[in-house]
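Residue-level structural notes
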Amino acid sequence: EEILGMEKLKNAPKWWAGGASKFVKPISEFSKVVGKNVVKEAEEGDFLKQLGVQLSSLTAFSDAARVTQGSRGEGFSKFFTNVMFVCGIMHTAIYAQREALTPLMGRPETAGLAPVLLGAQIAHNPPASTAQVYGALASFATTLGYASAPELGDGPFPGFERFPALAKAAAKFQSDLNASRQDALDFFGADYGNKVFLPAYYYPKDTPKPFGYGIVATTYI
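Residues numbered from 1 in each chain as written. Predicted model: local features only at pLDDT ≥ 70, side-chain atom pairs only at ≥ 80, totals over all residues. Heavy atoms only, no water.

Re the overall build of the protein
Quick reminder of the rule: Here a helix means four or more residues in a row that DSSP labels H or I, a strand means two or more in a row labelled E, and each is numbered from the N terminus. Buried means the residue's accessible area, taken with a 1.4 Å probe over protein chains only, is under 20% of the maximum for its type, while exposed means over 50%, and partly exposed covers the values in between. We call two residues in contact when some of their heavy atoms are within 4.5 Å. For accessible areas, the Shrake-Rupley method is used with a probe of radius 1.4 Å. Any residue's cover is judged against the shown protein chains and nothing else.
In terms of regular secondary structure, the protein is built from eight helices and zero strands. Listing each helix as α and each strand as β along the protein from the N terminus yields α-α-α-α-α-α-α-α. Counting over 221 residues, the protein shows a buried share of 34%. Across the protein, every contact between residues at least 6 apart in sequence was considered, and the portion connecting residues at least 24 apart equals 61%. With an accessible surface of roughly 13,800 Å², the protein has 60% of that area assigned to carbon and sulfur atoms.

Some details on the side chain of Lys 22
Looking at the secondary structure, you find Lys 22 in the segment before α1 (24-42). With residues up to four places along the chain from it excluded, the contact list for Lys 22 reads Lys 14, Ser 180, Asp 183 and Ala 184.

A look at unusual backbone geometry
What is expected of a backbone is that most residues other than glycine have negative phi and most peptide bonds are trans. In the segment running from Gly 155 into Pro 156, the intervening peptide bond is cis, with an omega of 5°. Checked against the element boundaries, Pro 156 lands in the loop between α6 (130-143) and α7 (164-188).

Observations regarding the pattern of salt bridges
Which entries qualify depends on this criterion: The working definition used for a salt bridge is a side-chain nitrogen of Lys or Arg within 4 Å of a carboxyl oxygen of Asp or Glu.
Across all of its chains, the model carries four salt bridges by this definition. Between Lys 172 and Glu 29 there is a salt bridge; the shortest N-O distance is 3.0 Å. Placement of Lys 172 in helix α7 and of Glu 29 in helix α1 is noted, with a sequence separation of 143 residues between them. Note on Lys 172: relative accessible area 44%, which makes it partly exposed. Residue Lys 172 pairs with Asp 176 through a salt bridge whose shortest N-O separation is 2.7 Å. Of this pair, Lys 172 and Asp 176 are both found in helix α7, four residues apart, which corresponds to roughly one turn of the helix. In this structure, a network of salt bridges that share partners links the residues Glu 29, Lys 172 and Asp 176.

Some thoughts on α7
The condition that has to hold: Given the number of residues in a helix, its expected span is that number minus one, multiplied by 1.5 Å.
Its 25 residues place the ends of α7 36 Å apart at the C-alpha level, agreeing with the 36 Å of an ideal helix rising 1.5 Å per residue. Two residues or fewer past α7, Gly 189 is found with a positive phi of approximately 80°.

Describing the nonpolar core
Going by this rule: Among buried residues, the Ala, Val, Leu, Ile, Met, Phe, Trp, Tyr and Cys ones that are joined through side-chain atoms within 4.5 Å form a nonpolar core.
The biggest cluster of nonpolar side chains holds 30 residues, and the ones touching the most others in it are Ile 27, Phe 30, Phe 85, Ile 89, Leu 152, Phe 173 and Tyr 202. Of all the secondary structure elements, the ones that give two or more residues to this core are α1, α2 (47-58), α3 (74-94) and α7. The leading source of residues in this core is α7, at seven residues.

Digging into the confidence of the model for the protein
Applicable threshold: The quantity known as pLDDT measures the predictor's confidence residue by residue, on a range of 0 to 100.
Confidence along the protein averages 74 in pLDDT terms, with 67% of residues attaining 70 or more. When mean pLDDT is compared element by element in the protein, α7 scores highest at 93, while helix α4 (residues 96-99) scores lowest at 54.

Focus: the packing of aromatic side chains
This is how it is decided: Planes of paired rings set the category: under 30 degrees apart is stacked, over 60 is edge-to-face and the rest tilted, where pairs are Phe, Tyr or Trp rings (Trp by its six-membered ring) whose centres lie within 6.5 Å.
According to the stated counting rule, one finds nine aromatic pairs in the structure shown. Judged by centre distance (6.0 Å) and plane angle (70°), the rings of Phe 30 and Phe 157 are edge-to-face. Pair noted here: Phe 30 is in helix α1 and Phe 157 is in the loop between α6 and α7, with a separation of 127 residues, a long-range link. The exposure class assigned to Phe 30 is buried, which follows from its relative accessible area of 5%. For Phe 157, a relative accessible area of 23% puts it in the partly exposed group.

Observations concerning the environment of Leu 185
Tracing the sequence through the fold places Leu 185 in helix α7. Distance in space between the C-alpha atoms of Leu 185 and Ala 200 is 7.5 Å, their sequence separation being 15 residues. With near-sequence residues (within four places) excluded, Leu 185 lies in contact with Ala 190, Tyr 203, Pro 204 and Thr 207.

Printed below as a string of structure tokens:
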């Protein structure tokens, strides 16, 4: 909810973020089971400690130590939930091409936009850097042509068959995700007439969609 900006909303409308909140519960429940089993597997080793060290060294994640907290894998579960939700759900709606041109992933600075924000000028049209151009071309070329993109939860889940709890959780995860996708489809519908844009990237995979929707998800999954 925090990622979606819903933490201060008493009753978020069903259309909020294209129905992305419907995927929070399935992802969270699955992550809890995975977290418990990760802790069990890590009892005789230092997997979680190494993960925390790697996160601290590779990113600006100052609270990486939280990943190792909790005797039942609470820290890892929260981390895993956020990773799956951001990469598998939120990034799907952000779009690779648009994100590549934001300060987060592309623009090194936004100072040139200040005069527009201050009302001193009407528009700002900064030149795209070489890295941005090639990044956009690479992501577009990589994903172009997919009519049915991979979706979060597609599987397979190798190794889960050795752990009944994980195998059961994976099956429920897929079932719950499918229910969330169907719920989004039922609410928004699939009438693309009059150039209506719909969050079809959250719809079931076998739902007919205009060409191009597959480009969105495939970049990240």
